[in-house]
Amino acid sequence: MSTSSDISRLFSKFGSGPSQYQELLKEQSQQNSLPCEPDLAQAKDSELPSIAAYVPDSGTALPEESRVKYVDLKSARNALEVEAASALSRSAGMFDKALDAGVSLRSKLDDLSQARQREADALPVFFSRPRPSLSHISIIAVVSGKGGVGKSTVAANFAVALQREGQSVLAVDLDPQNALHHHFGLEPEAGRASWTAGIAQVDALGSQQENYLHSASGVRLLPYGAVDESRRRAFEAQLEEDPDWLACLLADLQLADGTIVILDTPPGPSIYLRQVLAVANLALVVSLSDAASYNTLPMMDSLIKTYAGDRPEFFGASYLINQVERSRKLSEDITRIMCDVLGDKVLGLVRRDPSITEALAYNRSVLDYDPRGLGCHDLLSSAKAVLLKLTERGQLEQAV
Ligand SMILES: Nc1ncnc2c1ncn2[C@@H]1O[C@H](COP(=O)(O)OP(=O)(O)OP(=O)(O)O)[C@@H](O)[C@H]1O
Ligand SMILES: [Mg+2]
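Residues numbered from 1 in each chain as written. Chains lettered and ligands numbered in written order. Predicted model: local features only at pLDDT ≥ 70, side-chain atom pairs only at ≥ 80, totals over all residues.

**Examining the overall build of the chain**
Check the secondary structure of the chain and you find 13 helices and 10 strands. Expressed as a percentage of the 400 residues in the chain, the buried residues total 36%. (Helix = DSSP H or I, 4+ residues; strand = E, 2+ residues; numbered from the N terminus. Buried ≥ 20, exposed ≤ 12 C-beta atoms within 10 Å, placed from the backbone.)

**Let's talk about the site of ligand 1**
As a matter of local geometry, ligand 1 sits amid 21 residues, with Gly 147, Gly 150, Lys 151, Ser 152 and Thr 153 nearest to it. Listed by contribution, the elements that provide at least two residues to the shell around ligand 1 are helix 5 (151-164), strand 9 (317-324) and helix 11 (354-361). (Near = placed C-beta within 6 Å.)

**Describing the packing of helix 5 against helix 13 (residues 374-392)**
Close contact between helix 5 and helix 13 brings their axes to 9 Å; oriented N to C, the two are set at 65°. Here helix 5 lies roughly perpendicular to helix 13, going by the angle between them. Crossing hand, helix 5 versus helix 13: right-handed. Every residue of helix 13 that contacts helix 5 at Asn 157, Phe 158, Ala 161 and Leu 162 is listed here: Leu 379, Leu 380, Ala 383, Val 386 and Leu 387. (Axes fitted to C-alpha atoms, helices over the stretch in contact; angles between N-to-C directions. Parallel < 35°, antiparallel > 145°, perpendicular 65-115°, else oblique. Left-handed = near helix turned anticlockwise from the far one by under 90°. Contact = placed C-beta atoms within 7 Å.)

**Topic: the pairing of strand 3 (residues 138-143)**
Walk down a regular strand and you will see the side chains alternate between the two sheet faces. Among the six residues of strand 3, six are classified as buried, and the element is accordingly described as predominantly covered. Across the two faces of strand 3 the burial is the same, with Ser 138, Ile 140 and Val 142 and Ile 139, Ala 141 and Val 143 all buried. The pairing of strand 3 with strand 7 (residues 260-264) spans five bridges and is classified as parallel. Bridging from a neighbouring strand, Ile 139 pairs with Val 261 of strand 7. Bridge analysis of strand 3 against strand 8 (residues 282-288) gives four bridges, and the strand direction is parallel. Paired with Val 143 across the two strands is Val 285, which belongs to strand 8. (Pairing = 2+ DSSP bridges.)

**Quick word on helix 5**
Relative to the 20 Å expected for 14 residues at 1.5 Å per residue, helix 5 spans 20 Å between its end C-alpha atoms, a close match to the ideal helical length. Burial of helix 5 is extensive: 14 of the 14 residues sit out of reach of the surface. A positive phi of about 95° marks Gly 166, the residue just after helix 5. (Expected span 1.5 Å × (residues − 1).)

**Some words on the sheet that holds strand 3**
The strand order across the open sheet formed by eight strands is 5-6-4-7-3-8-9-10, and the pairing between neighbours is mixed. Looking at which strands have only one partner, the edges of the open sheet turn out to be strand 5 (213-214) and strand 10 (346-351). Judged from the five bridges that link them, strand 9 and strand 10 form a sheet pairing that is parallel. Of the residues in strand 10, the one forming a bridge with Val 324 is Arg 351. Strands strand 3, strand 4 (169-173), strand 7, strand 8 and strand 9 of the sheet are contacted by helix 5, whose axis makes an angle of about 165° with strand 7.

**Some points on the nonpolar core**
Counting 85 residues, the largest nonpolar core has Ile 140, Ala 141, Ala 171, Ile 262, Ala 280, Ala 283 and Leu 284 as the members making the most contacts within it. Per-element accounting of this core gives the leading share, eight residues, to helix 5. (Core = buried A, V, L, I, M, F, W, Y, C linked by C-beta atoms within 7 Å.)

**Considering the environment of Ser 318**
Position of Ser 318 among the secondary structure elements: in strand 9. Excluding anything up to four places from it in sequence, Ser 318 contacts Leu 282, Leu 284, Lys 345, Leu 347 and Lys 389.

**Brief notes about the confidence of the model for the chain**
Residues at a pLDDT of 70 or more form 69% of the chain, whose mean pLDDT is 79. Low pLDDT (under 50) marks residues 1-36, which in the prediction has 47 contacts with non-local residues, meaning those over four places away or in another chain. Here residues 56-77 scores under 50 on pLDDT; set against residues more than four positions off or in separate chains, the count is 29 contacts. (pLDDT = per-residue confidence, 0-100.)

**A closer look at the pairing of strand 10**
For strand 10, a buried count of six out of six residues is recorded, marking the element as mostly surrounded by other parts of the structure. What joins strand 9 to strand 10 is helix 10 (residues 329-342), and the crossover it makes is right-handed. (Right-handed = clockwise from strand over helix to strand, strands pointing away.)

**Here's the deal with unusual backbone geometry**
Despite not being glycine, Gln 323 shows a phi value in the positive range, around 60°. Along the polypeptide, Gln 323 turns up in strand 9. Unusually for a residue other than glycine, Asn 363 sits at a positive phi of about 55°. Along the polypeptide, Asn 363 turns up in the loop between helix 11 and helix 12 (366-369). Accessibility expressed as a C-beta count within 10 Å gives 15 for Asn 363, which makes it partly exposed.

Here you go:
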């Protein structure tokens, strides 16, 4: 009897798919029983685009959406026990014939014991596996409904800003574009880890530290990796199969206490969004102050509710409105409406600043490229707000 045939039989019994189950190795189940460097202080409140100015009243809640339904793991485990019992009785049947042939009792007992062991080895062990504990780190998922709104820009510059504030920061690129490294000026070096290697390339967990890139800012980066289409599809299938893949990866990295992990994602619904929302403490939704972005907000709200659920360690979504143009009436009006709807969930506003685009062209963070620019100023202010939020929630020990 093979493991895969057992799994197939179980799924056909329950009319479900493998992604709705979690498989544990026996060892795991046993364990489970057991200079121009601005800093945040430089961001003067008086210079900020005032969120309060956009918020006449308290926030209006976005529409409630239905919650995800989970498969009944208890029934699945009962079915496995029935499978095991019937397999054992089949094994025992072999020995009726052996009795007739005059085989010794001891030999029959040995054979029976070996058959039982084979059955036990072949059967997968299903549990409602507790997610690995990640309480020693803070995880920020940078997400958006629409593409091109500035997620990678925000992820990279927040990483640099928080690192400069003395935090230990790991940025993880969970977007097949594999573009986050461009913000850090990391070029591949012969014989050393490069942005071509990354999380999408490794089947087994445990060797991802080898793919760390170390930026001059001190931020560590795990790139997605430069992969071909078949590898990308195989990786995404792996993420579909194991909803806890990212949780296991982050646990496996053995990050120091207090590390802040910033996860960059592709836009809209995706398997990557599902993975990051399963581990995040904070979902940072980046939005432009335009109609297209505004229209995706209910969808993002629903996705966050679906995938982050009501995990106690998830303390909600915050919103960053990017590329605000105060000179343009429509941008100003939509910013006001967003602040009205979202209330104090708006973490910050970042003005449109050509320096931000130029910084990317030169593969530098905005903090390095134009430390006195408006974009740098706004990004620093928003990073400060994130740090305060983490501190208030007890994720970090000291307030900034
Ligand atoms: N505040 C800003 N002012 C001016 N340009 C900006 C600003 N924020 C981001 N940009 C520019 O917008 C473009 C898109 O940014 P970015 O790649 O960070 O978006 P993204 O949301 O990560 O995109 P994708 O959805 O494709 O991953 C880049 O050229 C970036 O430099
Ligand atoms: Mg991006």
